Amino acid sequence: MSATEGPLAPGVYLVATPIGNLEDITLRALRVLRDADRIACEDTRQTRKLLDRYGIATPVISSHEHNEAERSRELLDELRGGARIAVVTDAGTPGISDPGMVLAKAAIAENVAVYAIPGASALLAALVASGLDTERFFFAGFLPPRKGERKTALEELAGSLPRATTLVLYEAPHRILDTLEDVSAVWGAECRIAVARELTKVHEEFLRGTVREVREEMEARGTVRGEMVLMIEAQPTADDAGRGAGSVRERLAELEKSEGLTEKDALKRLARERGVAKSELWRELQREKARGR
Ligand code: SAM
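Draft legend 1. Local environment of helix α1 (residues 27-35). Residues of α1 that are buried: Ala29, Leu30, Val32 and Leu33. Taken around the axis of α1, the buried residues stretch over an arc of 165°, which confines them to a single face. Structurally, α1 contributes buried residues whose contacts are with β1 (11-15), β2 (38-41), α2 (44-53), β4 (84-88) and β5 (114-117).

Draft legend 2. Local environment of the site of the ligand. Within the structure, the ligand sits among 19 residues, and Ile96, Asp98, Ser121, Ala122 and Met228 are positioned closest to it. When isolated, the ligand has an accessible area of 570 Å², and the protein chains bury 90% of it. When contributions to the shell around the ligand are tallied by element, the ones reaching two or more residues are β7 (166-171) and β10 (228-233). By residue class, the composition of the shell around the ligand is 10 nonpolar, four polar and five charged.

Draft legend 3. Seen up close, the nonpolar core. Grouped together as the largest cluster of nonpolar side chains are 25 residues, with contacts concentrated most on Leu167, Trp187, Ile193, Leu230 and Ile232. Residue assignment for this core shows that the elements contributing at least two residues are α6 (147-160), β7, α7 (176-187), β8 (192-197), α8 (211-221) and β10. For this core, the element with the most residues is α7, which contributes five residues. Residues contacting Ile193, with those up to four places away along its chain left out, are Leu132, Leu180, Val183, Leu207, Arg208, Gly209, Thr210, Val211, Val214, Leu230, Met231 and Ile232. Counting 18 residues, the second-largest nonpolar core is a separate cluster that includes Ala29, Leu50, Ile56 and Ile117.

Draft legend 4. Quick peek at the environment of Leu14. Along the chain, Leu14 falls in strand β1. Separated by 46 residues in sequence, Leu14 and Val60 have C-alpha atoms that sit 14 Å apart. Setting aside residues no more than four positions away along its own chain, Leu14 makes contact with Val87, Pro94, Gly100, Met101, Ala104, Val114, Tyr115, Ala116 and Ile117.

Draft legend 5. View of the pairing of β8. Most of β8 is tucked away: five of the six residues are buried. In this sheet, strand β9 (residues 205-210) lies alongside β8 in antiparallel orientation, the contact comprising six bridges. Bridge pairing in β9 links Val195 to Leu207. In the sheet, β8 pairs with β10 via five bridges, with the strands oriented antiparallel. The residue bridging Val195 from the neighbouring strand is Leu230, located in β10.

Basis of the calculations
Residues numbered from 1 in each chain as written. Predicted model: local features only at pLDDT ≥ 70, side-chain atom pairs only at ≥ 80, totals over all residues. Heavy atoms only, no water. Buried < 20%, exposed > 50% of the residue type's maximum accessible area, 1.4 Å probe, protein only. Helix = DSSP H or I, 4+ residues; strand = E, 2+ residues; numbered from the N terminus. Arc of directions from axis to C-beta. Contact = heavy atoms within 4.5 Å. Near = heavy atom within 4 Å. Areas by Shrake-Rupley, 256 points an atom, 1.4 Å probe, with all protein chains shown as cover. Nonpolar A, V, L, I, M, F, W, Y, C, P; charged D, E, K, R; others polar. Core = buried A, V, L, I, M, F, W, Y, C linked by side-chain atoms within 4.5 Å. Pairing = 2+ DSSP bridges.

Have a look at this one:
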C-alpha cells in the first residue's frame, strides 16, 4: 500500500479543500476523502457541503481548536490500529492558521505516517497574483487584534525581515483599515501593498497600489467585506532611516544631536516626518523603552 495509488495506507491525511470555489479540489483529495475511515472536520456542516457535492459518504467527526487535543488522543488510538484519518478545515490547507497540527505532530511523534494532500490555500493564491515579489516571502498569519500589539508585531517584523521580503498576512475585514494605518506608520504611506479579497469567489478582486491608495479606495467604499489576504512589500526605502523601520528612540536621538532639538521638538518633527500623531509616537517610544530597544 502506498500514499499515492491503490488502497489508502494507514495514517493521517492533511487534505486541502477549496477556499470558495468548490471546483478547487484535486482528484487525489477526493479519493482520499472517499476512501478514508473518517474525516476530522473543523465544522462538520461546512465539510458536508463539499462531501455532498462530490457524493462522498465517509463518516465525519468534529475536531476544532477547542477540542483538538482531546480529539487527537482518540484519533491516535484509531491510528495505532491502522486507521486512515483525513483531516480538513473549513477552507484551505489544514495547519495554516487552522487546526490540524496537534494531530499531525502527535502522529509523527508516534511514527504514524502523515501525508499532505496539497491544494488550495489563500496564502499562495493571493501571493502569486499580488504583483509583488514571490522569491522571498514571510507568512505571519493573523496579527494580534489589539492596536498596540498589532503595531508592535509589525515593527518587530520590519526590524527582522531580510530585504525584499513580501510579508503575507491574513486579516479580518473590520480591522483592515486600522491595519493599513499601522502599515503606513511602519513602512511609510508609499509602501507597495496588495489586498486579495474573496479569492476564487464571485466577487474576487485584487487591490494593488501604495498603502495610501488602497486605504483611500477602501475608505471611499464605506464598508469593507469579505475574506482577505494582505501583502506588503516589506523592504526599507531610501528614506526609511527617517520613518519606517527605524526605532523612534534612535531617530529622536539623531534629531536632537544633529539639529539641537529638544525631545519635545524632535517628537513634533518626527510626527510630521512619519505622518502620525505625536501621541502615537510617544506611546511607541514608551513601548520601545519597555522592550529595551
Ligand atoms: N487554512 C486556510 C488557508 O490555507 O488559506 C486559512 C484559514 S484562516 C482561518 C482564514 C483566513 O484565510 C481568512 O480570514 C482570510 O484572511 C484568508 N482567506 C481564506 N479564504 C480566503 C479567500 N477566499 N479570499 C481571501 N482570503 C481568504
